[in-house]
Amino acid sequence: MASAQNHSSLRSKARPAARYRRHQEGRAAQRTALHAPYDFLNHSFSPIIGRELSGIGNPKTIERQFFASVANLCTVYKLQLPCFDTAAYPSNIVQAYQWIQEQLRKVQPGLQLIIVNKGRCKACLTTVKEYNTGTWLYYIPVEPLHLLWSNRKQRARRNLILSLFAYLYQVVGMPYFRSDFLGDTYEMIENWYEDDPTAFDEEEYQEVREELKALKFYGGKLFESIRHPYHISQFENRVNSFQPSNEVDMLLLEICDKFLLLYKQYPDRSIFDNMPQGLLSPEDEERIHAHQYISFFWKSTGLLYSQLMDSINMQFQEIGYMENPVTFQFFDTPQTEERHNLDFETRIFDLLAQLADVLMEL
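Structural notes, computed from the coordinates. (Residues numbered from 1 in each chain as written. Predicted model: local features only at pLDDT ≥ 70, side-chain atom pairs only at ≥ 80, totals over all residues. Heavy atoms only, no water.)

1. Overview of a negative patch on the surface
So, point 1. Judged by side-chain charge, D201, E202, E203 and E207 come together as a negatively charged surface patch.
So, point 2. For D201, the position within the fold is in the loop between helix 6 (180-195) and helix 7 (202-226).
So, point 3. On the accessibility criterion, D201 (48% relative accessible area) is partly exposed. (Patch = residues over 30% accessible without salt bridge, like charges linked within 9 Å, V, L, I, M, F, W, Y side chains within 5 Å. Areas by Shrake-Rupley, 256 points an atom, 1.4 Å probe, with all protein chains shown as cover. Salt bridge = Lys/Arg side-chain N within 4 Å of Asp/Glu carboxyl O. Lys, Arg positive; Asp, Glu negative; His and termini not counted. Charge placed at Lys NZ, Arg CZ, Asp CG, Glu CD. Helix = DSSP H or I, 4+ residues; strand = E, 2+ residues; numbered from the N terminus. Buried < 20%, exposed > 50% of the residue type's maximum accessible area, 1.4 Å probe, protein only.)

2. So, the pattern of salt bridges
So, point 1. Evaluated as defined, the whole model comprises 15 salt bridges.
So, point 2. As a salt-bridge pair, D332 and K118 come within 3.1 Å of each other at their nearest N and O atoms. A residue pair is termed long-range when its members are at least 10 positions apart, and D332 in the loop between strand 7 (326-330) and helix 13 (343-359) and K118 in strand 3 (residues 111-118) qualify at 214 residues.
So, point 3. R269 is the partner of D273 in a salt bridge, and the nearest nitrogen-oxygen pair spans 3.4 Å.
So, point 4. Here D273 falls in the partly exposed class, since its relative accessible area comes to 21%.

3. Things to note about the nonpolar core
So, point 1. Judged by nonpolar contacts, the single largest core of 75 residues is most densely connected at F165, Y167, L168, F259 and Y293.
So, point 2. If you tally residues by element for this core, the top one is helix 13, at 9 residues.
So, point 3. If near-sequence neighbours (up to four positions away) are discounted, F259 is found in contact with L164, Y167, L168, F235, I348, L351, L352 and L355.
So, point 4. Membership of the second largest hydrophobic core comes to 20 residues, among which are C74, F84, Y97 and L104. (Core = buried A, V, L, I, M, F, W, Y, C linked by side-chain atoms within 4.5 Å. Contact = heavy atoms within 4.5 Å.)

4. A closer look at the packing of aromatic side chains
So, point 1. Taken as a whole and judged by the stated rule, the model has 21 aromatic pairs.
So, point 2. Aromatic side chains Y169 and F223 sit 5.3 Å apart centroid to centroid with 85° between the ring planes, which places their arrangement in the edge-to-face category. Residue Y169 is located in helix 5 (residues 155-170), and its partner F223 is located in helix 7; the two are separated by 54 residues in the primary sequence.
So, point 3. Judged by relative accessible area, which is 26%, Y169 ranks as partly exposed.
So, point 4. Here the basic side chain of K118 rests over the ring of F330, its NZ or CZ set 5.2 Å away from the ring centre.
So, point 5. It is R158 that lies over the ring of W149; its NZ or CZ is 4.7 Å from the centre. (Phe/Tyr/Trp six-rings, centres within 6.5 Å; stacked < 30°, edge-to-face > 60°. Lys NZ or Arg CZ within 6 Å of the ring centre and 35° of its normal.)

Shown next, in the form of structure tokens:
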């Protein structure tokens with residue numbers, strides 16, 4: 001395989017997953033068998049702290065509910081909470097929150113602590129575990145699939161990739177570049193070339209225009225196949241029957257087999273399930289949304305690709321917050337153990353990076 005290139009952060013020069021070594025920073029050291037809590041999907045809640053407490057309900061009720069959640073958290077992490085009775089409301093809550101936050105940094109530095117308004121519990125102490133996707137763009141090129149389409153000798157490889165892409169689009173929820181963020185960016189680039197053709201070198205102009213035509217025509221045809229349910233139904237059969245003929249095939253089969261295992265273990269999981277919008281860092285109005293850095297795209301070479309990356313870099317370089325997958329553990333009820341589980345996210349982001357590398361070798 002080709003050696004990976006060095007890449008800097010999104011804020012300076014973002015790079016797509018297709019051209020980087022898979023990211024290791026921020027991965028969980030050990031995976032847990034516990035199921036991730038999905039409670040936040042069923043509730044409407046918002047972060048609260050300090051003066052904001054005064055506007056959400058009766059102070060006595062808030063104190064009682066908050067310190068009940070404190071006791072539940074301290075049981076899990078075996079913390080001995082000091083007495084904050086001498087402080088008046090809401091200072092007692094703020095002081096307790098700050099003390100627990102400091103203690104958690106010592107025993108579980110990967111956790112964040114927030115207070116949320118969760119239904120009947122107006123002030124619920126909650127831990128947050130975030131999966132760090134790094135400063136990478138997880139873009140999967142579809143042009144390699146197009147190049148295999150008319151080659152009968154590569155039919156098995158084509159069908160295997162097609163089933164994998166169908167899983168990523170239909171189940172995982174990966175956006176396709178004909179619409180959404182990347183679709184708008186491709187359209188913006190097309191408008192540049194249409195509005196002022198004389199601003200570009202003739203050879204460059206023709207190359208980009210041809211790429212845009214291919215993106216629309218062949219990208220549209222591929223999309224019709226990728227969204228067909230039949231190709232998911234054949235995923236396991238195609239993995240089991242695939243016969244590798246070279247090293248790249250072996251790597252491709254290994255990756256597809258891992259994706260298939262993930263699909264079996266999490267048959268309904270989307271990559272966006274654990275990405276609630278606006279809960280963390282609400283002060284950052286501008287943010288890089290998950291669908292902007294996770295997507296199919298056309299190809300990872302050529303002038304159009306360079307234009308795409310330059311445009312994305314310009315859009316992202318001034319944005320200070322990037323949405324990442326997170327899990328929540330609410331302490332409104334007694335509990336005995338930590339319940340955070342980012343197993344799905346840990347595995348799928350690593351596999352997407354590996355897949356992008358392999359597709360470059362086809």
